[in-house]
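# Analysis of the macromolecular model
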Amino acid sequence: MKTPRIMTWVAAAAATSLLITGCSAGASDTGGDAQKKDSMTIAFTAEPVNLDFTSTSGVAIPEALMENVYESLVRLDGEGEIQPALAKDWTLSDDRKTYTFELQDGVKFSNGADFTSEDVKYSYERVQKDWKNALKSKMDIVESIETPDDSTVTIELKKPSNTWLFNLTSLVGAVFDTEGTDDLANEAIGTGPFAIEKFTRGQSIDFAARDDYWGEKPSLNSVQFKYFKDAVSASNALKSGEIDLVSNLQAPELAGEFQSDDYQIVSGTTNGEVVLSMNNAEGIFKDKRAREAVMHAIDRKAVLDTAWAGYGELIGSMVPPTDPYYEDLTGVWKYDPKKAKQLVDEAGIKGEEFAFTVPNLPYAKAISEIVSAQLEEVGLKAKISTQEFPAVWLDKTFTEHDYDMSVINHAEPRDILTAFSKDYYIGYDDSTIKELADKADTGTEDEYISGMKKIARTITEDAASDFLFLFPNLVIAKSGVEGIPANRVSDAFKVADLSWS
């Protein structure tokens with residue numbers, strides 16, 4: 001396999017995560033009956049508003065559908081390395097612009113249709129033409145797609161790219177049936193190991209394993225994603241046996257309640273940067289001095305300790321340590337309330353009220369309280385407005401840009417250039433980084449890494465937003481659950497790896 005080797009490593013789970021586990025579970029740990037052994041119920045917080053990630057942003061939909069229902073040509077393994085998926089092999093031309101993919105044999109969609117190269121061509125051209133999700137820009141670099149036969153796809157890029165193949169591991173790489181996109185909001189037809197049996201908005205998604213799946217069959221026959229508005233409800237559901245696993249505990253202080261032989265706690269890392277977003281395009285934070293005041297006013301360690309019980313990691317940028325171009329930028333904006341007050345006075349905004357829109361997610365609500373208190377100490381007055389997530393927040397804050405400040409976990413991998421493009425909800429002036437990004441993407445591996453580091457530092461130094469901390473992966477499960485990933489390195493929560501001991 002001939003392909004550029006951009007380092008996409010994640011440290012081994014044994015080195016980067018804490019695994020606290022009890023002894024082997026007996027029948028009572030898995031619900032007490034044999035039928036329970038081939039099914040599992042998993043708790044999540046942010047539920048999908050629909051099933052269509054081509055038009056709806058956010059991680060909730062791909063978290064449920066990628067690698068479970070939809071698949072791409074390639075995927076990320078647990079260490080963050082690119083591996084074959086619907087493509088069993090590929091080559092890259094000497095000029096680094098043409099990929100030729102050899103497709104897997106015997107693949108069918110969940111509606112019974114055969115998977116061919118035409119489905120790949122249709123899907124990827126549709127990203128460019130029909131998608132509304134801002135991540136569609138990751139496919140702009142594609143010049144043409146040819147299908148010399150049913151099992152071969154040749155994709156020509158406009159220029160060499162260090163990032164495009166990695167981007168295919170995300171939702172933009174999802175392959176759809178040419179006849180299966182009429183009602184994406186309600187129906188998901190993919191090549192993955194599971195099909196959706198039932199979707200109850202705001203409550204649950206029921207998955208059923210496919211007998212005709214082309215790859216290795218999952219251990220579980222049925223899986224339910226169940227959505228809870230708060231961590232206490234999810235924790236209680238685990239204690240009562242209603243669920244088997246909490247995908248990412250949204251109240252870390254509750255973890256201590258599960259330190260027994262009946263449960264296991266898996267703590268690792270994610271791609272999720274918790275961003276204190278500021279509207280750079282209009283309003284109070286259009287003035288860089290106002291944004292700088294915020295950067296000096298926030299004690300990020302106190303935010304992490306108070307709002308998230310110290311779980312997570314301070315990083316100072318939109319780049320997690322698992323990316324090759326990470327640089328510790330936590331020292332760029334030091335906690336300095338005196339300097340913050342000075343900047344507030346210089347900008348003439350002391351006591352001025354601004355709109356702080358907060359999604360009704362546990363981490364966001366907890367963060368907003370301490371951040372607002374810290375800002376008030378330097379003369380900035382936040383008017384907190386809690387918005388239902390995803391529906392209201394995605395509509396008002398994300399789409400209409402009707403906000404001054406917000407806070408959200410940007411969970412998509414390597415999304416720095418998407419989040420800080422001028423049309424994104426943050427409204428960052430990306431003119432200073434566009435040329436840097438182009439040179440980095442088309443250059444050598446070393447040029448890519450150094451260029452992306454410069455971009456990350458530029459965004460941080462511009463006080464474009466405050467990067468509070470890297471969101472942890474904190475999974476709580478019954479002791480009999482196996483195959484839990486310590487780190488979340490992609491959009492997907494892959495359930496085919498889960499099983500019962």
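The structure under discussion appears in the preceding block.
Residues numbered from 1 in each chain as written. Predicted model: local features only at pLDDT ≥ 70, side-chain atom pairs only at ≥ 80, totals over all residues. Heavy atoms only, no water.

### What about helix α7 (residues 300–308)?
- Within α7, burial applies to Arg 300, Val 303, Leu 304, Ala 307 and Trp 308. Each buried residue of α7 sits inside an arc of 95 degrees when the element is viewed along its axis, so together they form one side.
- Buried-residue contacts for α7 involve α6 (288–297), α9 (362–376) and β17 (465–478).
- With its phi angle positive at about 55 degrees, Ala 309 sits one or two positions after the end of α7. (Buried < 20%, exposed > 50% of the residue type's maximum accessible area, 1.4 Å probe, protein only. Helix = DSSP H or I, 4+ residues; strand = E, 2+ residues; numbered from the N terminus. Arc of directions from axis to C-beta. Contact = heavy atoms within 4.5 Å.)

### Points about the packing of aromatic side chains
- Enumeration according to the criterion identifies 31 aromatic pairs in this entry.
- Between Phe 53 and Tyr 70, the ring centres sit 5.5 Å apart and the planes meet at 75 degrees, which makes this aromatic pair edge-to-face. In this pair, Phe 53 is assigned in the loop between β2 (39–44) and α2 (60–65) and Tyr 70 in the loop between α2 and β3 (74–76), connecting sequence segments 17 residues apart. Across the pair, exposure class does not vary: Phe 53 and Tyr 70 are buried alike.
- Between Phe 53 and Phe 176, the aromatic rings sit 6.1 Å apart at their centres with planes inclined by 55 degrees, giving tilted as the arrangement. Taken as a pair, Phe 53 in the loop between β2 and α2 and Phe 176 in the loop between α4 (164–167) and β9 (194–200) lie far apart in primary sequence, 123 residues in all. Here Phe 53 matches Phe 176 in class, with each residue buried.
- Clustering of aromatic rings is evident, with ring pairs tying together Phe 44, Phe 194, Phe 207, Phe 225, Tyr 227 and Phe 493. (Phe/Tyr/Trp six-rings, centres within 6.5 Å; stacked < 30°, edge-to-face > 60°.)

### Describing the side chain of Thr 163
- Within the secondary structure, Thr 163 is located in the loop between β8 (152–157) and α4.
- Among the polar contacts made by the side chain of Thr 163, one reaches the side chain of Asp 441 at a distance of 2.9 Å.
- With sequence-adjacent residues up to four places away left out, Thr 163 is seen in contact with Asp 441 and Tyr 448. (Polar contact = N/O pair within 3.5 Å; in protein donor to acceptor, adjacent residues only side chain to side chain.)

### A few points about unusual backbone geometry
- Each neighbour pair has its own omega, and for Phe 389 with Pro 390 the value is 10 degrees, a cis peptide bond.
- Relative to the assigned elements, Pro 390 resides in the loop between β15 (381–387) and α10 (391–399).
- Positive phi is not limited to glycine here, since Glu 67 has a value of about 70 degrees.
- By the element assignment, Glu 67 lies in the loop between α2 and β3.
- Even without being glycine, Arg 96 reaches a positive phi, approximately 65 degrees.
- Structurally, the position occupied by Arg 96 is in the loop between β5 (87–92) and β6 (98–103).

### Side note on a negative patch on the surface
- There is a patch of like negative charges on the surface, built from Asp 95, Glu 143, Glu 146 and Glu 156.
- In this fold, Glu 156 is placed in strand β8. (Patch = residues over 30% accessible without salt bridge, like charges linked within 9 Å, V, L, I, M, F, W, Y side chains within 5 Å. Areas by Shrake-Rupley, 256 points an atom, 1.4 Å probe, with all protein chains shown as cover. Salt bridge = Lys/Arg side-chain N within 4 Å of Asp/Glu carboxyl O. Lys, Arg positive; Asp, Glu negative; His and termini not counted. Charge placed at Lys NZ, Arg CZ, Asp CG, Glu CD.)

### Structural notes on the sheet that holds β8
- The antiparallel open sheet is built from 4 strands, whose spatial order is β5-β6-β8-β7. Only two strands of the sheet have a single neighbouring strand rather than two, namely β5 and β7 (142–149). For this sheet, the mean angle separating the axes of adjacent strands, direction not counted, is 20 degrees.
- Its contacts with the sheet put helix α3 (residues 117–130) on β6, β7 and β8, and the angle it makes with β7 is roughly 165 degrees. (Pairing = 2+ DSSP bridges. Axes fitted to C-alpha atoms, helices over the stretch in contact; angles between N-to-C directions.)

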